[in-house]
Amino acid sequence: MKQPLSLTWDLDSIFPGGSASAEFEHFLKQLETDIGVLDQQVAATASPANIESTKQVDDVIALLQSCSGRLVQASEFAGCLGAQNQQDKGAVRLSSKVAGLRAGFEGVSSKFDDVLRQTSDEVWQEWMARPEIAPLKFVLSESRDLAREKMSPELESFALTLAVDGYHGWSEHYETIVGSIQIPYEDEEGTRMLSAGQAFNKLDDPDPKVREAMFHKWEEAWGSAADYCADTLNHLAGFRLNLYKGRGWEDVVKEPLAINRMSRASLDTMWDVITKAKPALVSYLSRKAKLLGLESLAWVDVEAPVGKSSGKIPYDTAAKDIVAQFRNFSPKLADFAERAFDSNWIEVEDRPGKRPGGFCVSFPESKESRIFMTYSGTPSNVSTLAHELGHAYHSYLLEDLPVFNQNYAMNVAETASTFAEVIVADAQVKAAASNEEKIALLEAKIQNSVAFFMNIHARFLFETRFYEKRKQGLVNAEELSALMVEAQKEAFCGVLSEYHPHFWASKLHFYITDVPFYNFPYTVGYMFSTGLYRIALQEGTSFADKYDSLLRDTGIMTLEELVQRHLGVDLTQPDFWQGAADLIIADINEFLKLTEHSA
């Protein structure tokens, strides 16, 4: 791996010239033309009446896949431009352009889904058995079944068109709000204004005074923007609820479950196992409070490091350690991570103007990924880096498959990423040179459990209750904050002394329109990856190939089918979830034992 590593990513290898790229403009123009051609083809396509006429639809499917892949390429590029510089007006224009193309494409796709819907079962079975189309059977059948539950193609297309300046427009408006957030920060160099992304990193500062001061400023800043955020969230929810009403859907979790290709039974079983495991986390949080010299933890203390800080972790050091730990599990994963670092796929520079948070995007046309975050040298940053590399590896394993089969659900996407985190965290704990170091590393590892069992659960409870309340009318900022605190208290079992009322305003995930309920899939992925890691510990190095095979099938199976086929497990039963929880509880018990005489 080359040294030193670049702190900024290379987007020019995707499309040179940033938001002024002539090549990207040409790419969009060609995509727009092809979507128009696709629209004409779909309009002229009738549902096949026999097996011979199905062959005429093959060309339509091929162009659908081509446009779909290029649309992802365009969307992710525009998104990267906006994330690296929230003041880039050209990126805003391009995102709007891509959103329009997406709406057009989705409208055409909806019409094509109606072709699938109207195909008789007899012809369908023969069609899906044809060797040329058989690899796409799962995805096409999924689209056909969903089309039968939606409005007419004309109404679905009209709704998608309205969504550009309505539904998705409100999401983009939230990005404008985030870009305007400026938070003062004082240090030895004086006072300077931090962007939301920079200020967020200060909430993890090892100095409790810095954390507390920043938390109150963070709350104040989002409180001042709360009315704007409330308007945005209400209109997003209102659009979604009215769309569901038109489709005859009453359960607001119906769509996210379908998107995540999992059943309500599996989700409920997982939450039940987690709820029963929470007393162990309460014991951990109570012990942590004592270790920090507090009667109880406030929200801002939950992720505070225990013990003395070992100082900032240089980016190059973090990269080297991650690759080494990946190699212990899978040389293939390690080689891929090295490629990502050496090819400048990763944006980590700590500078003003970047959006907060971290993400990974993949470019199906270029067969490359890009990772975005703001790295400030914390253990949490190292975890985020490993997490996003897991996402990139997942996409890499699928890049030679048909475009339709590369579209895996968010919950299994979070499996690959959180599995990568577990590899890094567990290796660090095992390599600890002292009990003090082991305590610190275990504590950082357990923090993930708190995040996925409690923080994410609070988000799920909040969003579920908000949507029920939104059915009755607009929910104002004060009511939203009350709902948030209520959910946090329940999810954290009342163990905290102070909560985060404006979390609903500050968290981007509530405003993402591509995936509704952008919360529970994280916990599913965490529990799933932990369960997989438990099996990996039992099976040893041979598990790496099984893991790769499982990931390659994530785009063509439901979660239940995936786990049954590769692991022989029934996710509607508690056994697999309980096995994951037991591994987590074992870490907590070890932490409690090591810190018994320190509190």
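That block above? That's the structure.
Here's what I pulled together on the structure shown here.

1. Observations concerning the sheet that holds strand E3 (residues 346-347)
Thinking step 1. Spatially, E3-E5-E4 is the arrangement adopted by the three strands of the open sheet, whose pairing is mixed. The sheet is open, and its two edges are formed by E3 and strand E4 (359-363), each paired on a single side.
Thinking step 2. Looking at chain direction, E3 and strand E5 (residues 368-372) are connected through two bridges and run parallel. Across the sheet, residue glutamate 347 finds its bridge partner in E5, namely phenylalanine 372.
Thinking step 3. Helix-sheet contacts for helix H3 (residues 58-84) involve E4 and E5, and the interaxial angle to E4 is about 145°.

2. Quick look at helix H19 (residues 477-491)
Thinking step 1. With 15 residues, H19 should reach 21 Å at 1.5 Å per residue; the first-to-last C-alpha distance of 21 Å fits that figure.
Thinking step 2. Here H19 has its buried residues at Ala477, Leu480, Ser481, Leu483, Met484, Val485, Ala487, Gln488 and Ala491.
Thinking step 3. Of the surrounding elements, those touching the buried residues of H19 are helix H11 (226-247), helix H13 (264-291), helix H18 (435-470) and helix H20 (503-506).
Thinking step 4. Here H19 starts with a cap whose side-chain oxygen sits 3.1 Å from the backbone nitrogen of glutamate 478, and that cap is asparagine 476.
Thinking step 5. Looking at the residues trailing H19, positive phi occurs at cysteine 493, about 55°.

3. Thoughts on unusual backbone geometry
Thinking step 1. In this structure, proline 4 follows glutamine 3 across a cis peptide bond, with omega equal to -10°.
Thinking step 2. Positionally, proline 4 belongs in the segment before helix H1 (22-43).
Thinking step 3. Positive phi is not limited to glycine here, since lysine 367 has a value of about 55°.
Thinking step 4. Along the chain, lysine 367 falls in the loop between E4 and E5.
Thinking step 5. Take lysine 367: its relative accessible area is 40%, and that puts it in the partly exposed class.

4. Quick notes on the environment of valine 412
Thinking step 1. Inspection of the secondary structure assignment puts valine 412 in helix H17 (residues 410-430).
Thinking step 2. When its relative accessible area of 4% is taken as the criterion, valine 412 is described as buried.
Thinking step 3. With near-sequence residues (within four places) excluded, valine 412 lies in contact with His394, Phe528, Thr554, Leu559 and Leu562.

5. Quick notes on the nonpolar core
Thinking step 1. Membership of the largest hydrophobic core comes to 151 residues, with the highest contact counts inside it found for Phe326, Phe492 and Trp504.
Thinking step 2. In terms of residue count, the dominant contributor to this core is H18 (15 residues).
Thinking step 3. Those residues within four positions of phenylalanine 492 in sequence are excluded, and the remaining contacts are Leu285, Trp299, Val302, Val450, Met454, Asn455 and Tyr499.
Thinking step 4. One finds Phe24, Leu64, Ala91 and Ile133 within the second-largest nonpolar core, a separate group that totals 46 residues.

6. A look at the packing of H17 against H18
Thinking step 1. Where H17 meets H18, the closest approach of the two axes is 8 Å, and the angle between their N-to-C directions is 155°. Comparing their axes, H18 and H17 come out roughly antiparallel. When you trace H17 past H18, the crossing you get is left-handed. Here Thr418, Glu421, Ala425, Asp426, Gln428 and Val429 of H17 come into contact with H18, specifically with Lys438, Leu441, Leu442, Lys445, Asn448 and Phe452.
Thinking step 2. Of the residues that constitute the contact of H17 with H18, the class distribution is five nonpolar, three polar and four charged.

Rules and cut-offs
- Residues numbered from 1 in each chain as written.
- Predicted model: local features only at pLDDT ≥ 70, side-chain atom pairs only at ≥ 80, totals over all residues.
- Heavy atoms only, no water.
- Pairing = 2+ DSSP bridges.
- Helix = DSSP H or I, 4+ residues; strand = E, 2+ residues; numbered from the N terminus.
- Contact = heavy atoms within 4.5 Å.
- Axes fitted to C-alpha atoms, helices over the stretch in contact; angles between N-to-C directions.
- Expected span 1.5 Å × (residues − 1).
- Buried < 20%, exposed > 50% of the residue type's maximum accessible area, 1.4 Å probe, protein only.
- Polar contact = N/O pair within 3.5 Å; in protein donor to acceptor, adjacent residues only side chain to side chain.
- Core = buried A, V, L, I, M, F, W, Y, C linked by side-chain atoms within 4.5 Å.
- Parallel < 35°, antiparallel > 145°, perpendicular 65-115°, else oblique.
- Left-handed = near helix turned anticlockwise from the far one by under 90°.
- Nonpolar A, V, L, I, M, F, W, Y, C, P; charged D, E, K, R; others polar.

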